[in-house]
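Tertiary structure, described
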Amino acid sequence: MLKLQTLVKGLMTLALVLGVVSGARAEMNVEFSVDGSAGRYAIAIVPFKDEAALPTAPTPVVRTDLALSGEFRMVDGSSVANVPFDPTQIDYAKWQAAGAQAIAVGKVVAGAGGQSTISFRLMDVGRKKELTSGQFTVPQERVREVGHTIADMIYQAILGQPGIFNTRIAYVLKQGRSYQLQVANVDGSNLQTILRSREPIMSPAWSPNGRFLAYVSFETHKPVVWVQDLATGSRRAVANFKGSNSAPAWSPDGKRLAVVLTTSGNSQIYLVPAAGGSPRRLTYSDGIDTEPVWAPDGGTLLFVSDRSGGPQVYSVDTEGGTPRRLTWQGSYNVSPRISPDGKSFTYIRKNGGEFRVVIQDIAGGEGRVLSTGYNERPSFAPNGRMVLYASVVGGKSVLYAATQDGGSKVKLAVINGDVQDPAWGPFNNP
Amino acid sequence: MNLKQLFIGTATVTLLAACASTKPVPAPVAPTTASSAAGTSQAAAADSSKTVLDPLKDPNSPLAKRSVYFDFDKSELKDEFKPLVASHSDYLKQHGEQKIVIQGNTDAVGSREYNLGLGQRRAETVKKAMEVLGVNGKQLEAVSFGKEKPRAEGNSDAANAENRRDDIVYQGQ
């Protein structure tokens with residue numbers, strides 16, 4: 001299933017064909033690339049014993065995951081005269097000479113009923129000590145998931161923080177006048193279309209438990225906020241008032257949604273129970289108040305308001321009160337999202353003709369630019385170490401997931417369409 | 001597989017994912033015909049078989065004009081569009097059962113949600129002007145398409161000017 005294409009001018013293309021259902025009429029070309037500096041931590045992932053017998057081998061999944069995190073550099077094992085499957089077989093001197101700080105080895109054992117048992121051990125090359133290990137018995141169709149879990153375990157063992165390789169992203173695919181709300185794993189696999197429409201779809205927002213998506217659909221010829229159960233496909237309108245309904249954001253406990261309604265004659269932020277019920281108005285201005293997002297503690301919302309002229313980012317207590325302005329540089333600052341630790345936020349700052357992705361401390365400061373050019377709607381990975389955003393390149397909207405320092409970027413693009421309005425999902429992946 | 005090639009420079013993975021999904025996908029929403037989406041600003045051609053011409057269908061009626069344009073970053077009603085708003089207001093006052101939707105639009109630059117707010121502000125401008133002229137607010141709904149449904153594609157000055165616009169859409173048309 002893995003086809004390696006030729007190396008051209010330092011660029012390498014790997015065509016990975018997966019999930020192709022025989023006889024499927026619709027095919028979508030997703031371009032998925034890792035771009036940027038080599039990660040800090042050198043690691044060797046030796047192909048597991050007998051993994052080639054599986055439809056999806058686990059170690060290529062692990063390598064792709066660790067590489068896309070931007071934190072790891074893959075050590076080329078092809079020239080090392082040692083192919084271990086077990087720690088006792090590791091020639092540490094050779095791997096140390098090849099530059100590896102850690103090495104993962106493992107094996108696949110076929111069991112009854114199409115099940116396979118995959119085991120691995122991660123060893124510190126310098127200290128010859130085990131860093132982590134695991135064993136999984138799964139049907140073949142779940143081997144990719146095991147690959148992500150192994151990558152998460154390696155990430156956790158080396159960086160001391162949870163990995164994001166089993167998390168998902170949501171985005172809108174626009175092809176001409178056709179819109180699809182899609183959900184995929186961060187590595188582009190397990191792609192699902194949640195909603196298709198001939199009218200615009202925008203602003204997907206994940207529920208904290210990963211089970212629901214709220215979004216704005218124009219299918220009734222006006223913006224209405226819907227909540228959809230990803231497992232069953234059932235959905236309902238949670239904000240469908242006279243005027244426009246938009247910008248849904250979930251409270252951390254999943255019980256409420258912040259939405260923007262226009263029943264007062266301008267765009268203002270309201271809180272509505274996720275289970276349905278009456279909205280309570282939160283912001284009062286003569287301007288546009290929009291793009292609410294909850295802080296992780298549930299006590300504060302960030303939002304955008306042009307009450308002072310151009311749009312700026314403010315914070316407000318969820319019980320109400322006077323909002324506090326957080327952005328002071330530039331005349332156009334929009335689309336805030338708070339980091340999982342609640343200490344910083346990312347947003348879009350207009351600078352001349354550019355719409356830059358910026359990360360700034362809630363406490364203050366200048367903020368630092370993560371991406372120049374034209375960008376939209378940044379959101380943090382659930383571990384806070386990457387930011388996902390849409391970027392227009394050559395007239396086409398693509399997604400990038402960048403490390404916080406901008407040193408490594410992963411691109412997700414669709415050959416014949418625009419990928420826009422991304423949202424990185426939570427750790428919960430039911 | 002050559003790992004050195006894989007992790008030097010840029011790795012591009014082409015993913016061919018079948019659209020056939022194992023999880024349920026809701027039935028497609030009711031498709032919108034091109035005419036109902038694009039025809040919002042144009043009166044339908046007059047039907048010559050009718051003896052009494054519906055002014056909403058008369059291309060020569062002042063009511064045939066259904067688009068109100070705005071300056072860059074502005075939502076104030078320009079003088080040149082006040083007669084248009086007055087004509088529609090007169091008709092709505094004479095036809096209390098008739099409802100309209102005023103759809104606000106913006107150019108293609110910037111936050112989708114903030115643009116939705118800007119389009120709403122433009123739609124509210126016309127709604128409030130009609131209410132001032134005596135139209136019952138229950139006949140009016142102001143909504144926004146933001147930058148999501150541009151009539152003119154692209155970011156040229158001409159396209160942006162065309163997209164800074166309200167469309168008046170009569171219910172049932």
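Residues numbered from 1 in each chain as written. Chains lettered and ligands numbered in written order. Predicted model: local features only at pLDDT ≥ 70, side-chain atom pairs only at ≥ 80, totals over all residues. Heavy atoms only, no water.

1. Remarks on the nonpolar core
All names here are of chain A. Keep this limit in mind: For this analysis, a nonpolar core means a set of buried residues of the types Ala, Val, Leu, Ile, Met, Phe, Trp, Tyr and Cys, connected via side-chain atoms within 4.5 Å. The buried label applies to any residue whose accessible area, calculated with a 1.4 Å probe on protein chains only, is under 20% of its type's maximum; exposed applies above 50%, and partly exposed to all values in between. Here a helix means four or more residues in a row that DSSP labels H or I, a strand means two or more in a row labelled E, and each is numbered from the N terminus. Here the bounds of each domain stem from an automatic or database domain assignment.
Counting residues in each nonpolar core, the largest one holds 44 residues, and the members touching the most others are Ile43, Leu66, Ile150, Ile154, Tyr171 and Trp424. If one sorts the elements of this core by residue count, helix α3 (residues 143–159) sits on top with seven residues. Residue contributions to this core reach at least three from each of two domains, namely domain 1 (38–159) and domain 2 (168–424). Core analysis: the second largest hydrophobic core is formed by 29 residues, Val334, Val358, Tyr389 and Tyr400 among them.

2. Here's the deal with the sheet that holds strand β18 (residues 268–273) of chain A
Put simply, the rule reads: Strands are labelled as partners when DSSP assigns at least two bridges between them.
Taken together, four strands build an open sheet; the order of strands is β16-β17-β18-β19 (chain A) and the sheet is antiparallel. Of all the strands in the sheet, the pair left with one neighbour each is β16 (245–250) and β19 (280–281) of chain A.

3. Digging into the side chain of Gln268 of chain A
Residues and elements named next belong to chain A. Heads up, the rule is: Polar contacts here mean pairs of N or O atoms no more than 3.5 Å apart (in protein, one a potential hydrogen donor and the other a potential acceptor; neighbouring residues in sequence count only if both atoms are side-chain atoms). When checking whether two residues touch, look at their non-hydrogen atoms; a contact exists if any pair is within 4.5 Å.
Mapped onto the secondary structure, Gln268 falls in strand β18. Gln268 sits in the buried class, given a relative accessible area of 0%. From its side chain, Gln268 meets the backbone nitrogen of Ser285 in a polar contact 2.8 Å long. In contact with Gln268, not counting residues within four places along its chain, are Val259, Val260, Leu261, Arg281, Thr283, Tyr284, Ser285, Gly287 and Asp289.

4. A closer look at the side chain of Ser69 of chain A
Residues and elements named next belong to chain A. Take Ser69: it is sitting in the loop between α1 (58–68) and β5 (72–74). Looking at Ser69, the relative accessible area reads 2%, which means it is buried. There is a polar contact of 3.2 Å between the side chain of Ser69 and the backbone nitrogen of Glu71. With residues near it in sequence (within four places) discarded, Ser69 still touches Tyr155, Phe165, Met386 and Thr403.

5. Description of unusual backbone geometry
The phi torsion of most residues other than glycine is negative, and most of the peptide bonds are trans. Residue and element names in this part refer to chain A. We note that Glu291 has phi near 50 degrees; this positive angle belongs to a residue other than glycine. Considering the arrangement of structural elements, one finds Glu291 in strand β20 (residues 289–294). Overall, Glu291 belongs to the buried group, its relative accessible area being 10%.

6. Some details on the packing of α1 of chain A against α3 of chain A
Residue and element names in this part refer to chain A. Put simply, the rule is: Fitted lines through C-alpha atoms give the axes, limited to the stretch in contact for helices. The angle between two N-to-C directions lies from 0 to 180 degrees. Here the angle decides the label: under 35 degrees means roughly parallel, over 145 means roughly antiparallel, 65 to 115 means roughly perpendicular, and every other value means oblique. Left-handed describes a crossing whose near helix is turned anticlockwise from the far helix through less than a right angle; right-handed describes the clockwise counterpart. For this scheme, ten residues count as nonpolar: Ala, Val, Leu, Ile, Met, Phe, Trp, Tyr, Cys and Pro. Four count as charged, namely Asp, Glu, Lys and Arg, and the remainder, Gly too, count as polar.
Interhelical geometry of α1 versus α3 gives an angle of 45 degrees and a closest axis separation of 8 Å. Judged by the inter-axis angle, α1 sits oblique to α3. Seen from above, α1 lies across α3 with right-handed handedness. Residues Pro58, Val61, Val62, Asp65 and Leu66 of α1 form the contact with α3, whose own contacting residues are Val143, Arg144, Gly147, His148, Ile150, Ala151, Ile154 and Tyr155. Looking at side-chain class alone, the contact of α1 with α3 contains nine nonpolar, two polar and two charged residues.

7. With respect to the pattern of salt bridges
Definition in use: Here, a salt bridge means any side-chain nitrogen of Lys or Arg that lies within 4 Å of a carboxyl oxygen of Asp or Glu.
As enumerated under the stated definition, the model contains 29 salt bridges over all chains in all. A salt bridge links Lys78 of chain B to Glu80 of chain B, with the nearest nitrogen and oxygen atoms 3.8 Å apart. Residue classification places Glu80 of chain B among the exposed residues on the basis of a relative accessible area of 56%. Measuring nitrogen to oxygen at the nearest pair gives 2.7 Å for the salt bridge that ties Glu162 of chain B to Arg151 of chain B. With Glu162 of chain B in helix α5 (residues 157–163) and Arg151 of chain B in the loop between β4 (140–146) and α5, this residue pair connects regions lying 11 residues apart in the sequence. Note on Glu162 of chain B: relative accessible area 24%, which makes it partly exposed. Via salt bridges that share partners, Glu376 and Asp421 of chain A together with Arg112, Lys147 and Glu148 of chain B belong to a single interconnected network.

8. As for the confidence of the model for chain A
Rules: The pLDDT score gives, residue by residue, the confidence of the prediction method on a 0 to 100 scale.
The predicted model of chain A has a mean per-residue pLDDT of 89, with 91% of residues at 70 or higher. Long-range and interchain partners of residues 1–28 of chain A, a stretch whose pLDDT sits below 50, account for 74 contacts in this model, where long-range means more than four residues apart.

9. Some words on the packing of aromatic side chains
Each aromatic ring pair is characterised by the separation of its centres together with the angle its planes make. All names here are of chain A. Rules: The aromatic pairing rule takes the rings of Phe, Tyr and Trp, using the six-membered ring of Trp, and pairs them if the centres are within 6.5 Å, calling planes under 30 degrees apart stacked, those over 60 edge-to-face and the rest tilted.
Across all of its chains, the model carries 13 aromatic pairs over all chains by this definition. Centre to centre, the rings of Phe212 and Trp250 are 6.2 Å apart; their planes meet at 25 degrees, and the pair counts as stacked. With Phe212 in strand β13 (residues 212–217) and Trp250 in strand β16, this pair connects stretches of sequence that are 38 residues apart. One aromatic cluster in this structure is built from Tyr41, Phe72, Tyr155 and Phe165.

10. Thoughts on empty space enclosed by the protein
Spelled out, the test is: Using protein atoms alone on a 1 Å grid, points that fit a 1.4 Å probe yet trap it form a cavity, whereas open point sets bounded by protein on both sides within 12 Å along at least five of seven lines form a pocket; residues with an atom within 4 Å of a point count as lining. Grid points are joined across faces, edges and corners, and a volume is the space filled by probe spheres set on the points.
Counted under the stated rule, the structure contains four cavities of 30 Å³ or more. Here the second largest cavity defines a volume of roughly 60 Å³. Along its surface, the second largest cavity is lined by Ser203, Glu291, Ser335, Glu376, Arg377 and Asp421 of chain A together with Ser111, Arg112 and Glu113 of chain B. Broken down by secondary-structure element, the contributors of at least two residues to the lining of the second largest cavity are β28 (375–380) of chain A together with α4 (112–132) of chain B. For the lining of the second largest cavity, the class distribution of residues is no nonpolar, three polar and six charged.

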